[in-house]
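The lines below spell out each chain.
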Amino acid sequence: MSVPEYTAGTWTAVVRPGFVALLGPGAAESTVRALWQDAGEGVFSALALLARDGFGGLPPFAVVSVDGQRVHAALRGDVEVVVEVGGRQDVWRSGEVSTWTERVLEGVADVVVQVDGAAPGPDSLPLADGVVRAARVHVGLTARTDAAPRAVEPSTEPAAVVEPEPAEIEPVVEAEVLTDTVVADEPAEPVTEDPLTVLDQAPDDEPQAVPAVDAHAAPTELIDAVVWDEPTQVELAPLTRHDEEHTDPAGVVAEAESFLATPTPSAAAGIPVAVGGASLDDHDGLTILSTDLAEIRDQLPSWASDEVPGPFRVPEPAPVAARLVLSTGLVVPLDRAVLLGRAPQVARVTNRELPRLITVPSPQQDISRTHAEVRVEGDHVVVTDLDSTNGIHVARAGEGARRLHPGEPSVVGVDEVVDLGDGVTFSVERGS
């Protein structure tokens, strides 16, 4: 699609990539701004914007959306859209309608949005994206060529053949002569001229005449005129066999074998050798806290007296203070913070705690993406509304529901039910 071009006028033209709108002189400035901002949504979004105050306040307009060579247009009032398809032009007008007229057409090569009767002016200017006062906007959808290529007629006259001059070849010493002629009756006379005979070669673009060879003629020796380099003899060194003894002039191998054969003092005394651990970033899910490691180290037996170490006492995990029971049947322990929502996301993470993300169903979109946070603070369970759209309601049996203030943690008891919306609720249960 080429860059749109406009002709100045009294109407207002809104041009965006793939979108052109032409509004009558009575269009409000706020409507023009809103149309320019929402132009990327297409014709339907533009029509909803123009008709937001009712059909009575609709100005005359033409809205055109272009996608490749597909044109979708809506017209109202004294404005027209001219499209070119297959080399012919088609003019669209709204006619006598109370709302607007819509047309969709494929394979459009050219489209013009203009006021009725507007003619193309010589002073049209390009406009890729913007809002101007105009009477006509032209958009080319396919590339055009000014002149068709002229067919080349074959020539009836034979082309002149230019014979190139034979290149001078410097003589090569000690070269032999190629004799292509086969002599059957007379023996060949000895050559008394220079050892190298330069033969005239025909140009590459002309075929050379090949002399006929008699099949019953006596064979003669053919000598190639091309001088090939004599093959170079390379002396290969014999490979060393594996069973042959390798020499060690520096004594490196002997020194290494002696070092490996000598036991270290620590190994001889039965003292374990410390092995470097993995990187701190290499977490495999079996990380032990430093406090637990101190307790395990105190239980280690003497490696010199005990052949098999262990068994070791593993610290028991701390009991969970509380847990959430959701109406969906899911039970979530409150061993850390919990984020509930339609698609919860972590906005801020500390080094000590990574919250648990719980996704709940919300077919009506009543629950926000990250709706609420639940955590344990001391002996209490607190719920925080994370600026959700529909809020959080807490109800107790026999009492009315109360709505939590966004961003303020609120204590929730075991006898209360928290409603997130869309039929999803949860309650708090204390751990055993």
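Refer to the structure printed above.
So, how was this worked out
Residues numbered from 1 in each chain as written. Predicted model: local features only at pLDDT ≥ 70, side-chain atom pairs only at ≥ 80, totals over all residues. Heavy atoms only, no water. Helix = DSSP H or I, 4+ residues; strand = E, 2+ residues; numbered from the N terminus. Buried < 20%, exposed > 50% of the residue type's maximum accessible area, 1.4 Å probe, protein only. Contact = heavy atoms within 4.5 Å. Areas by Shrake-Rupley, 256 points an atom, 1.4 Å probe, with all protein chains shown as cover. Pairing = 2+ DSSP bridges. Phe/Tyr/Trp six-rings, centres within 6.5 Å; stacked < 30°, edge-to-face > 60°. Lys NZ or Arg CZ within 6 Å of the ring centre and 35° of its normal. Salt bridge = Lys/Arg side-chain N within 4 Å of Asp/Glu carboxyl O. Core = buried A, V, L, I, M, F, W, Y, C linked by side-chain atoms within 4.5 Å.

This next bit is on the overall build of the protein. Counting secondary structure elements, the protein contains five helices and 21 strands. In the protein, buried positions account for 26% of the 432 residues. Here the analysis covers contacts within the protein between residues at least 6 apart in sequence; of these, 55% occur between residues at least 24 apart. A total accessible area of about 31400 Å² is found for the protein, and carbon and sulfur atoms account for 53% of it.

Attention now goes to the sheet that holds strand β13 (residues 338–341). In spatial order, the strands read β14-β13-β15-β16-β19; together these five strands make up an open sheet with mixed pairing. Each having just a single partner strand, β14 (356–359) and β19 (410–411) make up the two edges of the open sheet. Where β13 meets strand β15 (residues 372–377), three bridges bridge the pair, whose relative direction is antiparallel. Note that in β15 the partner of Leu340 across the bridge is Ala372.

Moving on, we come to the packing of aromatic side chains. In this structure the tally under the stated criterion is one aromatic pair. Between the NZ or CZ atom of Arg16 and the centre of the ring of Trp36, over which it lies, the distance is 4.4 Å.

On to the pattern of salt bridges, then. One pass over the structure, following the stated rule, counts 11 salt bridges. Close ionic contact of Glu29 with Arg33 constitutes a salt bridge, the shortest N to O distance being 3.4 Å. In this pair, Glu29 and Arg33 both sit in helix α1 (residues 29–37), four residues apart, roughly one turn of the helix. In terms of burial, Glu29 and Arg33 fall into one category: exposed. Across the pair Glu416 and Arg402 runs a salt bridge whose closest N-O atoms are separated by 3.5 Å. Of this pair, Glu416 sits in strand β20 (residues 416–421) while Arg402 is found in strand β18 (residues 402–403), placing the two residues 14 residues apart along the sequence. Look at Glu416 and you get buried, because its relative accessible area is 5%.

If you check the backbone angles, Asp387 has positive phi at about 55° while not being a glycine. Mapping Asp387 onto the fold places it in the loop between β16 (380–385) and β17 (393–396). Judged by its relative accessible area of 61%, Asp387 is exposed.

Next up on the list: the sheet that holds β17. If you trace the six strands from one edge of the open sheet to the other, you get β12-β11-β21-β20-β17-β18, paired in antiparallel fashion. Because the sheet does not close on itself, it has two edges, and the strands there are β12 (331–333) and β18.

Turning our attention to the pairing of β16. In terms of burial, β16 is largely enclosed, as five of its six residues are buried. Sheet analysis places β15 next to β16, joined by six bridges and oriented antiparallel. Bridge assignment links Ala372 to a residue of β16, and that residue is Asp385. Between β15 and β16, which pair antiparallel one after the other, the connecting turn spans two residues, and Gly378 there sits at a positive phi close to 70°. Alignment of β16 against β19, held across two bridges, turns out to be antiparallel.

Now for the nonpolar core. Core analysis: the biggest nonpolar cluster contains 28 residues, and Val64 and Val81 have the highest contact counts within it. Residue contributions to this core peak at five residues, all from strand β10 (residues 130–140). Once you skip the residues sitting within four places of it in the chain, Val64 turns out to touch Gly18, Phe19, Val20, Val43, Val71, His72, Ala73, Val81, Val111 and Val113. Of all hydrophobic cores here, the second largest spans 23 residues; its members include Ala322, Val338, Leu340 and Val428.

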